[in-house]
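What follows is the residue order along each chain.
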Amino acid sequence: DLASLLALGCMLSSFRESAMHPSYSSDYIFDDIVIPVRLMRLLVLENYVPSFFVLGKVIWLNRRPLFKSGFALAAVWYMFGTIIYVLEYMENPKEEHEVANRFPNVLTGLPHALVHLTGDYPVTNYRHLSKIVHLVALVFGMCLTG
């Protein structure tokens, strides 16, 4: 704890710029280890044990609503992934068909469908009908994932 507090003090001083961007080539070792010493604070796990106990109790007390919302999320996820697979499937997609390459089968497309349910769209060149399905699924996904 004392070492991490000392490193925190260094980070709050004028030493901050050289500590945030270490060169790892200097002969003075303190320049290179300020950030790892600060991360040592994360290793003090006995401080987290009461929080884990409380978190476990909250999860246990709310297990039924959590199970229901998890089931609803999984159902929307599988339906959305299957519908997008059906709409975007091509028999032998070429390399320029990026969406069809991401959905060669339902199980391979499920991780991409889950990413879309959270609102992140790394690929946007879907067909028009798929975009409508995305809009509806995005509303349901945002309701379920927050």
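Structure shown above.
Structure report, in brief.

**Examining the packing of helix α5 (residues 63-88) against helix α7 (residues 106-117)**
One way to put it is that α5 packs onto α7 with a least axis distance of 8 Å and a crossing angle of 115°. Between α5 and α7, the angle is such that the two are roughly perpendicular. Our pair here, α5 against α7, has a crossing hand that is right-handed. Contacts between α5 and α7 involve V76, W77, Y78, F80, G81, T82 and Y85 from the first element and V106, L110, A113, L114, H116 and L117 from the second. The residue inventory of the contact of α5 with α7, partitioned by class, reads 10 nonpolar, three polar and no charged.

**Concerning α5**
Between the first and last C-alpha of α5 there are 37 Å, a value that for 26 residues agrees with the 38 Å anticipated at 1.5 Å per step. By the burial criterion, the buried members of α5 are V76, F80, G81, I84, Y85, L87 and E88.

**Topic: the nonpolar core**
In terms of nonpolar packing, the biggest core is built from 12 residues, these being V76, F80, I84, L87, V99, F103, A113, L117, V123, Y126, V133 and A137. Taken together, the elements giving at least two residues each to this core come down to α5, α7 and α8 (128-145). Tallying contributions element by element places α5 first for this core, with four residues.

**Some details on the packing of aromatic side chains**
If you walk through the whole model with that rule in mind, you get two aromatic pairs. An angle of 15° between the planes, with centres 5.1 Å apart, marks the rings of W77 and Y78 as stacked. A relative accessible area of 43% means that Y78 is categorised as partly exposed. Consider the rings of Y85 and Y89, whose centres lie 5.2 Å apart with planes at 55°: the pair is tilted. Judged by relative accessible area, which is 33%, Y89 ranks as partly exposed. Sitting over the ring of W60, R63 keeps its end group 4.0 Å from the ring centre.

What counts, and at which threshold
- Residues numbered from 1 in each chain as written.
- Predicted model: local features only at pLDDT ≥ 70, side-chain atom pairs only at ≥ 80, totals over all residues.
- Heavy atoms only, no water.
- Axes fitted to C-alpha atoms, helices over the stretch in contact; angles between N-to-C directions.
- Helix = DSSP H or I, 4+ residues; strand = E, 2+ residues; numbered from the N terminus.
- Parallel < 35°, antiparallel > 145°, perpendicular 65-115°, else oblique.
- Left-handed = near helix turned anticlockwise from the far one by under 90°.
- Contact = heavy atoms within 4.5 Å.
- Nonpolar A, V, L, I, M, F, W, Y, C, P; charged D, E, K, R; others polar.
- Expected span 1.5 Å × (residues − 1).
- Buried < 20%, exposed > 50% of the residue type's maximum accessible area, 1.4 Å probe, protein only.
- Core = buried A, V, L, I, M, F, W, Y, C linked by side-chain atoms within 4.5 Å.
- Phe/Tyr/Trp six-rings, centres within 6.5 Å; stacked < 30°, edge-to-face > 60°.
- Lys NZ or Arg CZ within 6 Å of the ring centre and 35° of its normal.

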